[in-house]
Amino acid sequence: MTETLITTGAEETRSFGKKLAREIMPGALICLKGDLGTGKTTFAQGFLEGLGAARPYVSPTFVIMKQYDLPQAKNGIKRVYHADAYRVETKDFVSLGFSEWCTDTEGVVILEWPERVEKLIPKNAVWITFTAKSENERELKIEN
Ligand SMILES: Nc1ncnc2c1ncn2[C@@H]1O[C@H](COP(=O)(O)OP(=O)(O)OP(=O)(O)O)[C@@H](O)[C@H]1O
Ligand SMILES: [Mg+2]
């Protein structure tokens with residue numbers, strides 16, 4: 001299924017992240033694809049908020065992955081792995097444990113820059129492609 005929507009402003013993108021958090025199932029992998037500054041982290045922060053993860057919601061660009069253990073399980077989800085492959089190579093991502101995060105049946109993975117490690121991405125992933133349409137408008141194309 002493909003769905004396309006336009007958001008106006010970061011807050012709206014964050015709300016869609018929150019909305020996805022209500023629908024997602026444990027074991028899911030969400031791939032956030034798109035150029036620099038198109039709203040991937042903003043979306044992921046809404047997603048984390050929707051799942052009740054404890055702040056701060058940092059961008060994982062420099063830490064590669066931040067794990068959030070949820071204070072209260074939601075829909076059977078106990079952990080969120082927020083990862084960013086911008087600065088890593090495929091082999092490093094494997095050593096860091098990407099496959100383990102993806103096979104955690106009580107976790108969900110939300111990944112920025114998935115195209116950097118495309119070979120590792122399982123077929124059942126949800127893809128969201130972000131495109132800047134103007135300073136405050138972003139197109140989100142959701143495929144699953
Ligand atoms: N509709 C919108 N949705 C999301 N962000 C928006 C929107 N309009 C403007 N912005 C701004 O665009 C920027 C998005 O930054 P964000 O860190 O989420 O991008 P990113 O895709 O994660 O970038 P990077 O590839 O560097 O990790 C923010 O400064 C935000 O305020
Ligand atoms: Mg980011």
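You'll find the structure just up there.
Let us look at the structure shown here. In this text, all values refer to a predicted model and were calculated from it rather than measured experimentally.

1. Quick look at the coordination of the magnesium ion (ligand 2)
(1) Moving on: Taken together, Thr-41 (OG1) and Glu-112 (OE) make up the full set of protein donors to the magnesium ion (ligand 2), lying 2.0 to 2.2 Å away. Of this pair, Thr-41 sits in helix α2 (residues 40-50) while Glu-112 is found in strand β5 (residues 107-112), placing the two residues 71 residues apart along the sequence. In this structure, Thr-41 and Glu-112 share a single accessibility class: buried.

2. Focus on the pairing of strand β2 (residues 29-34)
(1) Moving on: When you tally the buried positions in β2, you get five out of six residues, the bulk of the element.
(2) Moving on: Relative to β5, β2 runs parallel, the two sharing four bridges. Within the sheet, the bridge partner assigned to Cys-31 lies in β5 and is Leu-111.
(3) Moving on: The sheet contact formed by β2 and strand β6 (residues 126-132) spans five bridges and is parallel. Looking across to β6, one finds that Leu-32 is bridged to Ile-128.

3. So, the site of ligand 1
(1) Moving on: Taken together, 18 residues are adjacent to ligand 1, and Thr-13, Gly-37, Lys-40, Thr-41 and Thr-42 come closest.
(2) Moving on: In this structure, a nitrogen atom belonging to ligand 1 sits 3.0 Å away from a main-chain N or O atom of Asn-136.
(3) Moving on: For ligand 1, whose accessible area on its own is 650 Å², the fraction buried by protein is 74%.
(4) Moving on: Elements supplying a minimum of two residues to the shell around ligand 1: β1 (2-8), α1 (10-23) and α2.
(5) Moving on: Per-element tally for the shell around ligand 1: the top contributor is α2, with three residues.
(6) Moving on: Within the shell around ligand 1, the residues separate by chemical class into three nonpolar, 10 polar and five charged.

About the criteria used
Residues numbered from 1 in each chain as written. Chains lettered and ligands numbered in written order. Predicted model: local features only at pLDDT ≥ 70, side-chain atom pairs only at ≥ 80, totals over all residues. Heavy atoms only, no water. Donors = N, O, S within 2.8 Å, 3.2 Å for Na, K, Ca; no water. Helix = DSSP H or I, 4+ residues; strand = E, 2+ residues; numbered from the N terminus. Buried < 20%, exposed > 50% of the residue type's maximum accessible area, 1.4 Å probe, protein only. Pairing = 2+ DSSP bridges. Near = heavy atom within 4 Å. Polar contact = N/O pair within 3.5 Å; in protein donor to acceptor, adjacent residues only side chain to side chain. Areas by Shrake-Rupley, 256 points an atom, 1.4 Å probe, with all protein chains shown as cover. Nonpolar A, V, L, I, M, F, W, Y, C, P; charged D, E, K, R; others polar.

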